[in-house]
2 protein chains.
Amino acid sequence: MLDGVETAQIYIERWAAAAGATGPCPVRDVLDKIGDKWSMLLVMTLAGGPKRFNELHRAVPDISQKMLTQTLRDLQRDGLVSRHVFDTKPPSVEYRLTRLGHSLIVPFGHLIEWANGSIRRIEAARKDFDAAR
Amino acid sequence: MLDGVETAQIYIERWAAAAGATGPCPVRDVLDKIGDKWSMLLVMTLAGGPKRFNELHRAVPDISQKMLTQTLRDLQRDGLVSRHVFDTKPPSVEYRLTRLGHSLIVPFGHLIEWANGSIRRIEAARKDFDAAR
DNA sequence: GCATGCACTTACCTCAAGGTAATCTTCACT
DNA sequence: AGTGAAGATTACCTTGAGGTAAGTGCATGC
């Protein structure tokens with residue numbers, strides 16, 4: 001990973017190139033997932049190890065059943081999460097990150113670090129901006 | 001930057017810690033911005049150097065004037081972008097990334113790399129999933 | 001026999017993001 | 001006088017993400 005302005009150039013060029021190429025931009029595509037309310041929370045929760053449906057629900061209590069099911073289905077469809085049904089008495093279902101899912105953790109981690117490191121400056125900027133208004 | 005599962009643990013712990021601390025989670029906060037339709041496109045466009053309003057509009061033709069203004073205002077409020085008015089004949093306005101704005105480029109770059117490197121596998125997974133349906 | 005947990009599914013509703021289009025002000029050009 | 005560029009602001013409308021609440025099928029515990 002380089003740094004500085006030239007890096008930005010490389011990124012935006014690749015971004016632009018990718019955008020032009022296969023129709024819809026991969027970055028847009030991925031950002032839509034990452035930007036939604038629950039996907040990354042579930043990925044990070046599953047990063048701690050496989051979990052069952054209600055186990056996930058207990059770990060993330062403020063998600064609705066509907067959104068839990070739907071978000072898991074989407075993650076599964078994208079190949080980030082795999083679903084395993086065990087034929088027990090009441091059938092239990094386990095969700096776990098795939099390799100691809102795991103590979104998201106590091107790049108996403110950089111963003112978490114940035115967010116945690118920058119939030120004070122962002123909030124300060126907001127205060128200043130609103131005060132000037 | 002470490003790698004592997006233990007890294008995930010660190011991230012999610014810090015995430016959880018940050019979430020509990022100052023009310024609304026910084027990561028959620030930042031993700032809302034990053035996940036919106038135009039913010040990151042504008043940040044990456046401005047990474048190439050300062051631009052004027054209509055210059056940005058030409059660089060990103062499918063954004064509406066309304067959303068261009070609004071997104072720039074939000075980025076300015078968060079301290080990622082600064083706005084400079086020049087007292088020329090028809091007053092011109094220049095937007096540029098702040099230091100904070102620049103600092104987003106590298107962590108976000110990791111995500112671009114991941115997206116570009118993973119999109120083929122994601123699309124393949126979607127095809128498989130939809131075929132099984 | 002009734003309630004409870006598990007893993008969903010479905011119907012219905014709300015709210016906010018974002019699009020469209022019209023309008024504004026000031027100046028310069030013709 | 002009329003047109004056009006710059007940098008917006010405003011009113012109106014559509015769409016979809018996400019919430020609420022209820023229902024489903026099955027099995028075990030009380």
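Residues numbered from 1 in each chain as written. Chains lettered and ligands numbered in written order. Predicted model: local features only at pLDDT ≥ 70, side-chain atom pairs only at ≥ 80, totals over all residues. Heavy atoms only, no water.

- Per an unreviewed UniProt entry, chain A goes by DNA-binding transcriptional regulator, HxlR family and derives from Devosia crocina.

1. Structural notes on the sheet that holds strand β2 (residues 81–86) of chain B
As a general point, the strands of a sheet are linked pairwise by backbone hydrogen bonds and lie either parallel or antiparallel.
Residues and elements named next belong to chain B.
Part 1: The strand order β1-β3-β2 describes an open sheet built from three strands, whose pairing is antiparallel. Only two strands of the sheet have a single neighbouring strand rather than two, namely β1 (51–52) and β2.
Part 2: Both β1 and strand β3 (residues 92–97) contribute to a ladder of two bridges, which runs antiparallel. Residue pairing in the sheet places Arg52 in a bridge with Glu94 of β3. (Pairing = 2+ DSSP bridges. Helix = DSSP H or I, 4+ residues; strand = E, 2+ residues; numbered from the N terminus.)

2. Some words on helix α6 (residues 99–132) of chain A
Part 1: In this model α6(A) runs 48 Å from its N-terminal to its C-terminal C-alpha over 34 residues, within 8% of the 50 Å that 1.5 Å per residue would give.
Part 2: Maximal helix bending in α6(A) amounts to about 50°, located at A:Ser118. (Expected span 1.5 Å × (residues − 1). Bend = angle between axes of the 7 residues up to and from the residue.)

3. Describing helix α5 (residues 65–77) of chain A
All names here are of chain A.
Part 1: Its 13 residues place the ends of α5 18 Å apart at the C-alpha level, agreeing with the 18 Å of an ideal helix rising 1.5 Å per residue.
Part 2: Regarding α5, the residues found buried are Leu68, Thr71, Leu72 and Leu75. Each buried residue of α5 sits inside an arc of 100° when the element is viewed along its axis, so together they form one side.
Part 3: Residues of α5 that are buried sit in contact with α3 (39–46), α4 (53–59), β2 (81–86) and β3 (92–97).
Part 4: Taken from the residues just after α5, Gly79 is the one with a positive phi, measuring 80°. (Buried < 20%, exposed > 50% of the residue type's maximum accessible area, 1.4 Å probe, protein only. Arc of directions from axis to C-beta. Contact = heavy atoms within 4.5 Å.)

4. Quick notes on the protein's contact with DNA strand D
Part 1: Looking at DNA strand D, there are 20 residues lining it, with A:Lys66, B:Gln65, B:Arg83, B:Val93 and B:Tyr95 nearest.
Part 2: Each atom of DNA strand D within 4 Å of the protein was assigned to sugar, phosphate or base; sugar and phosphate come to 65%.
Part 3: Residue B:Asn54 places a main-chain N or O atom 3.1 Å away from a phosphate oxygen belonging to DNA strand D.
Part 4: Here a phosphate oxygen of DNA strand D sits 2.4 Å away from a polar atom, N or O, in the side chain of B:Tyr95.
Part 5: Secondary-structure elements contributing two or more residues to the surface near DNA strand D are α5 of chain A together with α4 (53–59), α5 (65–77) and β3 of chain B.
Part 6: Broken down by element, the surface near DNA strand D gets its largest block of residues, four residues, from α5(B). (Near = heavy atom within 4 Å. Polar contact = N/O pair within 3.5 Å; in protein donor to acceptor, adjacent residues only side chain to side chain.)

5. Quick word on the pattern of salt bridges
Part 1: Applying the stated rule across the entire model yields 12 salt bridges over all chains.
Part 2: When the shortest N-O distance is used, the salt bridge between A:Arg96 and A:Glu94 registers 3.0 Å.
Part 3: Among the residues examined, A:Arg96 registers a relative accessible area of 36% and is labelled partly exposed.
Part 4: Salt-bridge contacts for B:Arg77 lead to A:Asp130; the nearest nitrogen and oxygen are separated by 2.7 Å. Remark: A:Asp130 occurs in helix α6 and B:Arg77 occurs in helix α5; the pair is interchain, linking two chains.
Part 5: Among the residues examined, B:Arg77 registers a relative accessible area of 28% and is labelled partly exposed. (Salt bridge = Lys/Arg side-chain N within 4 Å of Asp/Glu carboxyl O.)

6. Notes on the relation of the copies chain A and chain B
Part 1: Of the two same-sequence chains, chain A is brought onto chain B (RMSD 0.1 Å, axial shift 0.0 Å) by a rotation of 180°. What the rotation and shift describe, once combined, is the action of a two-fold rotation axis. If distances are taken from each C-alpha of chain A to the rotation axis, the shortest is found for A:Gly35, at 1.9 Å. (Least-squares fit on C-alpha atoms with pLDDT ≥ 70 in both.)

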